[in-house]
Structures are given as C-alpha cells and as structure tokens.
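# Coordinate inspection notes
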Amino acid sequence: MKKLYLILIAMLFAGSMNGQISYLQYRHVPADQDAKFLERETKHWSKIAKSAIDKGQMKSWSLWKKVGITNADEFTPNYVFVNTFESLDKMDLDKVWSDNINAIGDVKMEDIETSSFTTTTFDYFIQSEDHVAGEYKYALVNYAKPIDLTAFMQENKTLWKPVHEANVSNILNNMTYWGMSSVIYPTGNQDRFTIFTVDGFNKLNHALEYLRYTETSDNSPNAAAWNDVLGKTKMDSLMPNGFERRIIYERIMTID
C-alpha cells in the first residue's frame, strides 16, 4: 500500500517534475577508498542535503554507483551525485552548502571530506523533459547525441513514451520507470552527450535482461506496440551510430 501511495503521489506531481533542473557531478573513487567514501557521503554530507531540502532550497539529492569495473583510471567516473532543483531561478549551489554546513554537527572537516582521495571527472547541468513515474533501484542511462535534438525529444514524447507507459503500468520488461533529460551545460560538438533517457528497474538482472539481445515474439505482451513503433521510428537517422554509451547505475541513497 505504501508503494502504491508513493507512485500515486509521483504521478500527481508528474507535470511539475518536467522542467526541473539537476546538477550532476561525476566522481572517480579508487576501489581501496570506496568504503570510506560511502561512509562519509551517506553519514555526513547527506545531512547538508536534507537540511537544504527541508528549507526548500533543493528538491532532492541522490548518490548512484556505476555497475561494473570501479578501479579504472582516475578520469573514468564510477559515481554520480544528482542534486535536483525546482527551477534555474531557485538553484543556488553555493547557498545550499553555505547555509547548511552546520547540519554536519561537531566533526572535523578532515574526518569527513572526500575531495582529497576522489576525482571529480566532469559535471553537467540538465533539465528534465519528460518521465513516467515509478520506483526503481537501478537506472539504465542511455547517453545520446542525436543530430536533431528537437526531433529526438518529440519522437520520445509522442512515439516511445506510450510504450514505456504501458511497460511501467503493466510491469512489462520489468521496467518500473522511464525518463528523459536534456543537457543545459556544457555543450558543443566535442561534448560527450546532449540528452539521455533513463530506464528504471528494481533488480540488476532485470536491467541486464532488458539490454541483452532477444527477438520479439509475435505473441509477447507488447509485440503489437513494439512493432508499431519500429515501423514509425526515425531513430536510425537521428542517431546513425546508436547511443553514445549505455551505463547501469545502482541507487545508493536518496533524500527528497
């Protein structure tokens, strides 16, 4: 009942979520520092986020861990922070931290800081464009650089979203969430991606099952909708090389 209540609340406010702004900070954490990083971020620094959210300065804060190899070179991120705000006008990153630093209590900064042993690889400001509400623990993030951003968003909203809504509402493909966000900054021809979609799942094997190649059977639950989309989609021309990368992240902690 609690899960259903949360989903209904999420659906009620779905319209207001589109257009929200998030600051994404990608980090590389060495394998031998993983436990210390998680302990400090979840036990101490999350308190600042909670204080800011309680004051209405931020909508939510979450920490995600990349599934897979975590001890690559220092410029390969394996964690990402997501700080979400109601709008650009209401986003003030400096104020969030300066106004709420006392929330961490009487601890020494050297005992809780994480910047000295991690690397911030890159960061992004993004805008939520659309989503299908639901709870999820694993996020399959599909990073893209379509040749026509507007056409990509329009097709996802009008053609693909109804399929995802059916998937989420009927738990087809084990999908429990879908979303799409565009990049505000940084931008340019040399950047990594301009937009991404998120497919949400509650189990890792569900996300992996979704990724692996299988033929769609004509009598499968979503075969008709899937075949209809394939007959209308222009993604082959919008993204001739497909997604730039597809990465699964595990939710570590969320405060909202």
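Scroll up for the structure.
Residues numbered from 1 in each chain as written. Predicted model: local features only at pLDDT ≥ 70, side-chain atom pairs only at ≥ 80, totals over all residues. Heavy atoms only, no water.

### With respect to the overall build of the protein chain
Which entries qualify depends on this criterion: A run of H or I in DSSP counts as a helix once it spans at least four residues, and a run of E counts as a strand once it spans at least two, with each numbered from the N terminus. Partly exposed describes any residue whose relative accessible area lies between the buried limit of under 20% and the exposed limit of over 50%, with all areas from a 1.4 Å probe on protein chains only and scaled to the type maximum. Contacts are residue-level and defined by heavy atoms, with any inter-residue pair within 4.5 Å sufficient. Note on areas: these come from Shrake-Rupley sampling with a 1.4 Å probe, and a residue is covered only by the protein chains present in the view.
Looking only at helices and strands, the protein chain has eight helices and eight strands in total. Looking at the protein chain residue by residue over its 256 residues, the buried ones come to 45%. Put simply, of all contacts in the protein chain between residues at least 6 apart along the chain, 83% involve residues at least 24 apart. Here the protein chain has roughly 13,900 Å² of accessible surface; of this, 52% comes from carbon and sulfur atoms.

### Examining the nonpolar core
For clarity, the cut-off: Side-chain atoms within 4.5 Å are what join buried Ala, Val, Leu, Ile, Met, Phe, Trp, Tyr and Cys residues into a set we call a nonpolar core.
In terms of nonpolar packing, the biggest core is built from 21 residues, with Phe152, Met180, Ile195 and Met235 touching the most fellow members. Elements supplying a minimum of two residues to this core: strand 5 (138-144), helix 5 (149-170), strand 6 (177-185), strand 7 (195-201) and helix 8 (235-238). Ranked by residue count, the leading element in this core is helix 5, at six residues. Excluding its chain neighbours within four sequence positions, the residues that come into contact with Met235 are Phe152, Glu155, Asn156, Trp160 and Pro240.

### Describing unusual backbone geometry
The linkage connecting Tyr185 with the following residue, Pro186, adopts the cis geometry, with an omega of 0 degrees. As for its placement among the helices and strands, Pro186 is situated in the loop between strand 6 and strand 7. Its identity as a non-glycine residue notwithstanding, Asn174 has a phi of 60 degrees, on the positive side. Following the sequence through the fold, Asn174 ends up in the loop between helix 5 and strand 6.

### Structural notes on the pattern of salt bridges
To keep it simple, the criterion reads: Salt-bridge detection follows one rule: a side-chain nitrogen of Lys or Arg within 4 Å of a carboxyl oxygen of Asp or Glu.
Scanning all chains against the criterion turns up nine salt bridges. Lys161 is paired through a salt bridge with Asp130; the nearest N and O atoms lie 2.8 Å apart. Taken together, the positions of Lys161 in helix 5 and Asp130 in strand 4 (residues 119-132) put the pair 31 residues apart, joining distant regions of the chain. Residue Lys161 is classed as buried on the basis of its relative accessible area, which comes to 16%. The class for Asp130 is buried, based on a relative accessible area of 8%. The residue Lys137 makes a salt bridge to Glu250 at a minimum N-O spacing of 3.4 Å. Highlighted residues: Lys137 in the loop between strand 4 and strand 5 and Glu250 in strand 8 (residues 245-255), separated in sequence by 113 residues. Look at Lys137 and you get partly exposed, because its relative accessible area is 32%.

### Some points on the environment of Phe122
Mapped onto the elements of the fold, Phe122 is located in strand 4. Sequence spacing of Phe122 and Pro186 is 64 residues, and the spatial spacing of their C-alpha atoms is 9.7 Å.

### Section: the packing of aromatic side chains
Cut-off, in case you're wondering: For this analysis, a ring pair means two rings from Phe, Tyr or Trp (six-membered ring only for Trp) whose centres lie within 6.5 Å, classed as stacked if their planes differ by under 30 degrees, edge-to-face if by over 60, and tilted for the remaining angles. In this scheme, the term charge over a ring applies when either NZ of a lysine or CZ of an arginine sits within 6 Å of the ring centre and within 35 degrees of the ring normal.
One pass over the structure, following the stated rule, counts 14 aromatic pairs. The interplanar angle of 40 degrees and the centroid separation of 4.6 Å between the aromatic rings of Tyr26 and Phe122 together place this pair among those described as tilted. Of the two residues, Tyr26 sits in strand 1 (residues 21-28) while Phe122 sits in strand 4, which places them 96 residues apart along the sequence. Grouping residues by exposure puts Tyr26 and Phe122 together as buried. The residue whose ring lies beneath Arg192 is Phe122, and the NZ or CZ to ring-centre distance is 3.9 Å. Arg251 extends its terminal NZ or CZ atom over the ring of Tyr136, reaching a point 4.8 Å from the ring centre.

### A few points about the pairing of strand 1
The condition that has to hold: Here a strand pair is declared whenever DSSP counts at least two bridges between the two strands.
Among the eight residues in strand 1, eight count as buried, and that is most of the element. Where burial is concerned, the two faces of strand 1 agree: the one with Ile21, Tyr23, Gln25 and Arg27 and the one with Ser22, Leu24, Tyr26 and His28 are both buried. The pairing of strand 1 with strand 3 (residues 79-85) spans seven bridges and is antiparallel. Bridged to Leu24 within strand 3 is Val82.

### Considerations on the environment of Leu204
Residue placement: Leu204 occurs in helix 6 (residues 204-211). Along the primary structure Leu204 and Ile248 are separated by 44 residues, whereas in three dimensions their C-alpha atoms are 8.4 Å apart. Sequence-distant contacts of Leu204, that is, excluding residues within four places in its chain, are made with Val67, Tyr138 and Ile248.

### Describing the sheet that holds strand 5
As a reminder, the rule being used: With axes taken as lines fitted to C-alpha atoms, and helix axes fitted only over the stretch in contact, angles between N-to-C directions fall between 0 and 180 degrees.
Taken together, eight strands build a closed barrel; the order of strands is 1-3-2-8-5-7-6-4 and the barrel is antiparallel. Strand-to-strand twist in this sheet, taken as the mean axis angle between neighbours without regard to direction, amounts to 35 degrees. Strand direction decides the pairing type here: strand 5 and strand 8, joined by six bridges, are antiparallel. For Tyr143, the partnering residue across the bridge sits in strand 8 and is Arg245.

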